[in-house]
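# Working through the structure, step by step
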Amino acid sequence: ETGVTQTPRHLVMGMTNKKSLKCEQHLGHNAMYWYKQSAKKPLELMFVYSLEERVENNSVPSRFSPECPNSSHLFLHLHTLQPEDSALYLCASSQGDGGGYTFGSGTRLTVV
Amino acid sequence: DQQVKQNSPSLSVQEGRISILNCDYTNSMFDYFLWYKKYPAEGPTFLISISSIKDKNEDGRFTVFLNKSAKHLSLHIVPSQPGDSAVYFCAASQIQGAQKLVFGQGTRLTINP
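These remarks concern the structure in this document. Since the structure is predicted, the reported quantities are computational estimates derived from the model, not experimental observations. (Residues numbered from 1 in each chain as written. Chains lettered and ligands numbered in written order. Predicted model: local features only at pLDDT ≥ 70, side-chain atom pairs only at ≥ 80, totals over all residues. Heavy atoms only, no water.)

As a further point, take the packing of aromatic side chains. By the definition in use, this model includes 13 aromatic pairs over all chains. Ring geometry for Tyr-25 of chain B and Phe-33 of chain B: centres 4.7 Å apart, planes at 40°, overall tilted. Pair check on accessibility: Tyr-25 of chain B and Phe-33 of chain B agree, each one buried. Ring pairing ties together the aromatic residues Tyr-33, Tyr-35, Tyr-101 and Phe-103 of chain A together with Tyr-36, Phe-46, Phe-89 and Phe-103 of chain B, which thus form one cluster. (Phe/Tyr/Trp six-rings, centres within 6.5 Å; stacked < 30°, edge-to-face > 60°. Buried < 20%, exposed > 50% of the residue type's maximum accessible area, 1.4 Å probe, protein only.)

In structure tokens, the structure reads:
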């Protein structure tokens, strides 16, 4: 158990569907992140939340909508995705003080 | 503009020998560097880090070297073991506020028996 739990582990969705990815951490961290990992590309930072406030949005298309209701939970709401959005979506948390991240196991998303 | 680069997508090393993974960065504001290890179907796990005030940090079989003038860091694993086979990501950040890690594209290390 890594301390950061992501559900579901795998998701297949059509381009017209709406789904949500969930991330939960009980490490007492105050910053949470969504990263996207596509094949043969660096991990791409999507969103950063610090103390439940979004502090970074890296030009992510509006079909991805994050939500951070409290410091332990982070969601990524998905709608009208494209096949090129298929990737591994990783959630991470940190203390925000210069320490490393703790990652979840990721959600493998396939858009058909 | 990729600020952190791992130019070797893959590396194959004999068990017991030294594995050297390299990473270059372009942003001189980075002052904290980390290595993560990733197995298939798992998230990356933290391996070792180094701050810019140091040029070497050692933890068991793992040593990270930082050359600030060359904007280069490397991870040495010695001796290499089959369980070290994984994808290794280099990451860099500035230690301020909500830390934002910038990752390289990863190097797949395979340790051959």
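Let us keep going from here.
Right, let's talk about the sheet that holds strand β1 (residues 4-5) of chain B for a bit. Residues and elements named next belong to chain B. Judged by pairing direction, the sheet is antiparallel, and its five strands sit side by side in the order β1-β3-β8-β7-β6 without closing on themselves. The open sheet has two free edges, formed respectively by β1 and β6 (56-59), since each of these has just one partner strand. The sheet contact formed by β1 and strand β3 (residues 19-25) spans two bridges and is antiparallel. In the sheet register, Val-4 faces β3, and the bridge partner there is Tyr-25. (Pairing = 2+ DSSP bridges. Helix = DSSP H or I, 4+ residues; strand = E, 2+ residues; numbered from the N terminus.)

If a strand is regular, its side chains alternate between the two faces of the sheet. Residues and elements named next belong to chain A. Only one face of strand β11 (residues 107-111) is covered, namely the face carrying Thr-107, Leu-109 and Val-111; the face carrying Arg-108 and Thr-110 is uncovered. Bridge analysis of strand β2 (residues 10-13) against β11 gives four bridges, and the strand direction is parallel. Bridged to Leu-11 within β11 is Leu-109. The pairing of strand β9 (residues 87-94) with β11 spans three bridges and is classified as antiparallel. Paired with Ala-87 across the bridge in β11 is Leu-109.

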